[in-house]
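Chain and residue survey
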Amino acid sequence: LRNVDPERLFTAARAGDRAALARLLSLVERGGDEAHAVGRLAYPRSGNAYTVGITGSPGAGKSTLTSALITHLRARGEEVAVLAIDPSSPFTGGAILGDRVRMQEHATDPGVFIRSMATRGHLGGLALAAPEAIRVLDAVGREQIIVETVGVGQVEVEVAAKADTTVVVVNPGWGDAVQANKAGLMEIADVFVINKADRPGLDQTRRDLEQMLDLSDLGGDWRPPIVATVGSTGQGVEQFWQAVLNHRQAAEASGVLERRRQRRLQEELRSILASRLDARARQLCSGDRYDELVAAVLERRVDPWSAADELLEGVGA
Ligand SMILES: Nc1nc2c(ncn2[C@@H]2O[C@H](COP(=O)(O)OP(=O)(O)OP(=O)(O)O)[C@@H](O)[C@H]2O)c(=O)[nH]1
Ligand SMILES: [Mg+2]
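Anyway, here's the lowdown on the structure attached to this text. Quantities reported herein were computed from a predicted structural model and do not represent experimental measurements.

Describing the nonpolar core
In terms of nonpolar packing, the biggest core is built from 30 residues, with Phe10, Leu21, Leu24, Ile85, Met117, Val136 and Leu137 touching the most fellow members. When contributions to this core are tallied by element, the ones reaching two or more residues are α1 (6-14), α2 (18-30), α3 (32-42), β2 (80-86), β3 (112-118), α6 (125-139) and β4 (144-149). When residues of this core are assigned to their parent elements, the largest contribution, 8 residues, is made by α6. When residues no more than four places from it in sequence are discounted, the contact partners of Leu24 are Pro6, Leu9, Phe10, Ala13, Val38, Val136 and Val140. Counting 25 residues, the second largest nonpolar core, distinct from the first, contains Ile70, Val237, Phe240 and Trp241.

Some remarks on the packing of aromatic side chains
Counted under the stated rule, the structure contains 0 aromatic pairs. Its end group placed over the ring of Phe10, Arg45 keeps NZ or CZ at 5.1 Å from the ring centre.

Details of the packing of α1 against α3
Between α1 and α3, the shortest axis-to-axis distance is 10 Å and the interhelical angle comes to 50 degrees. Between α1 and α3, the interaxial angle falls into the category oblique. When the axes of α1 and α3 are compared, the crossing they make is right-handed. Note on element contacts: α3 touches α1 through Ala37, Val38, Leu41 and Ala42, opposite Pro6, Glu7 and Phe10.

Considering the side chain of Glu132
Mapping Glu132 onto the fold places it in helix α6. Its relative accessible area of 14% is what places Glu132 among the buried residues. Look past the residues within four positions of Glu132 in its chain and what remains in contact with it is Val28, Gly39 and Glu268.

Considerations on α6
For α6, built from 15 residues, the straight-helix expectation of 21 Å at 1.5 Å per residue is met to within 8% by its first-to-last C-alpha distance of 21 Å. Across the 15 residues that make up α6, a large majority, 14, are buried. Backbone geometry just after α6 places Gly141 at a positive phi near 105 degrees.

Regarding α3
Regarding α3, the residues found buried are Ala35, Val38, Gly39, Leu41 and Ala42. The arc that holds every buried residue of α3, seen down its axis, measures 165 degrees, which confines them to one face. Exposed positions of α3 whose direction lies more than 90 degrees from the buried face are Asp33 and Arg40. Lining the buried residues of α3 we find α1, α2 and α6.

Quick look at the pattern of salt bridges
Under the definition given, this model contains 17 salt bridges. What you see here is one network of salt bridges that share partners, running through Glu132, Arg135 and Glu268.

Let's talk about the packing of helix α4 (residues 62-75) against helix α10 (residues 237-254)
It is at 10 Å that the axes of α4 and α10 come closest, and there the two elements cross at 85 degrees. One element, α4, and the other, α10, form an angle in the roughly perpendicular class. Judged by residue contacts, Leu65, Ala68, Leu69, His72 and Leu73 of α4 engage Val237, Glu238, Phe240 and Trp241 from α10. Among the residues forming the contact of α4 with α10, the class breakdown is 7 nonpolar, 1 polar and 1 charged.

Focus: the environment of Arg74
Secondary-structure assignment places Arg74 in helix α4. What makes Arg74 partly exposed here is its relative accessible area of 26%. Between the alpha carbons of Arg74 and Gly111 there is a distance of 7.6 Å; along the sequence they are 37 residues apart. In this view, Arg74 contacts Glu79, Asp109, Gly111 and Val112; residues no more than four positions away in its chain are not counted.

Topic: unusual backbone geometry
Positive phi is not limited to glycine here, since Lys196 has a value of about 70 degrees. Considering the arrangement of structural elements, one finds Lys196 in the loop between β6 (191-195) and α9 (202-215). Phi angles above zero are rare outside glycine, and Arg300 is one such case at about 65 degrees. Inspection of the secondary structure assignment puts Arg300 in the loop between α12 (288-298) and α13 (304-313).

Reading the values: the criteria
Residues numbered from 1 in each chain as written. Chains lettered and ligands numbered in written order. Predicted model: local features only at pLDDT ≥ 70, side-chain atom pairs only at ≥ 80, totals over all residues. Heavy atoms only, no water. Core = buried A, V, L, I, M, F, W, Y, C linked by side-chain atoms within 4.5 Å. Buried < 20%, exposed > 50% of the residue type's maximum accessible area, 1.4 Å probe, protein only. Helix = DSSP H or I, 4+ residues; strand = E, 2+ residues; numbered from the N terminus. Contact = heavy atoms within 4.5 Å. Phe/Tyr/Trp six-rings, centres within 6.5 Å; stacked < 30°, edge-to-face > 60°. Lys NZ or Arg CZ within 6 Å of the ring centre and 35° of its normal. Axes fitted to C-alpha atoms, helices over the stretch in contact; angles between N-to-C directions. Parallel < 35°, antiparallel > 145°, perpendicular 65-115°, else oblique. Left-handed = near helix turned anticlockwise from the far one by under 90°. Expected span 1.5 Å × (residues − 1). Arc of directions from axis to C-beta. Salt bridge = Lys/Arg side-chain N within 4 Å of Asp/Glu carboxyl O. Nonpolar A, V, L, I, M, F, W, Y, C, P; charged D, E, K, R; others polar.

In short, the description is geometric, and any link to function would need to be established separately.
Right, here's the structure in full:
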């Protein structure tokens, strides 16, 4: 693993070397030139994977459900890769640790690859690293990728929304559907799962969701189905997966999937540009010329717009 040549790592990972795959993902996570090198290698080899995003409030049972789903898929002889994304906590954080524990039973299964990813605070952060990591998994031949995002902040919702099929997990009880709505999850859901269906309040939550769906302008012919599950026993997981497959089929047939993927790439390109320009801007905000201009602005000899123009002159931006 001292070998960091991405080309070799790819060859090894494609041959099934899990350590090489893990190493590639670490490079992506770290960002910088090596991550770009990995990205360049991954892109032409990618485009075959189907991604399912699973999101929902903390503790809704996403990891438990994912683990049950892995069991279901493995029983059908299918392979699966899981990317658990946590934008806030460091690698040793509780949530990620919890995810590891809950998916532990699959850790030694060669048909399963599980990886946690946290932000490293580099430019663009997870919003850029997540699609890149997915592309690496795709490029080494993982065709079924589950992306679990922890929490419901803006970045999490953004990452979850970028899947081919997005699953929103809520729990029974008053108010959970309303919370999901507030977090912006209604707009991105292709499938709703009410997990912890062994608890009271299932019907109420189902009604809440149906009502919100009635009120929202879905703008398409797909109405997100609502599936009830008990992640801890696996109850309903088969129906849950069937709902995902149904959405996939509908999205493929209607052309929605292709349009979504195109839009995703456009957005990604724009994010990359924004992150690069931001890096340039930071560079410009240091040095003698910058200090001089700041002084000039403070003394009201130069206005901020003209100062910015002058700083940008040399950059061609
Ligand atoms: N009663 C009941 N408990 C469940 C069910 N599914 C999960 N749990 C429990 O709910 C708790 C949280 O489950 P997780 O799978 O870690 O939830 P999560 O959404 O991944 O949590 P974060 O990753 O921290 O956001 C655990 O104690 C699970 O055992 C269920 O269907 N019924
Ligand atoms: Mg989890």
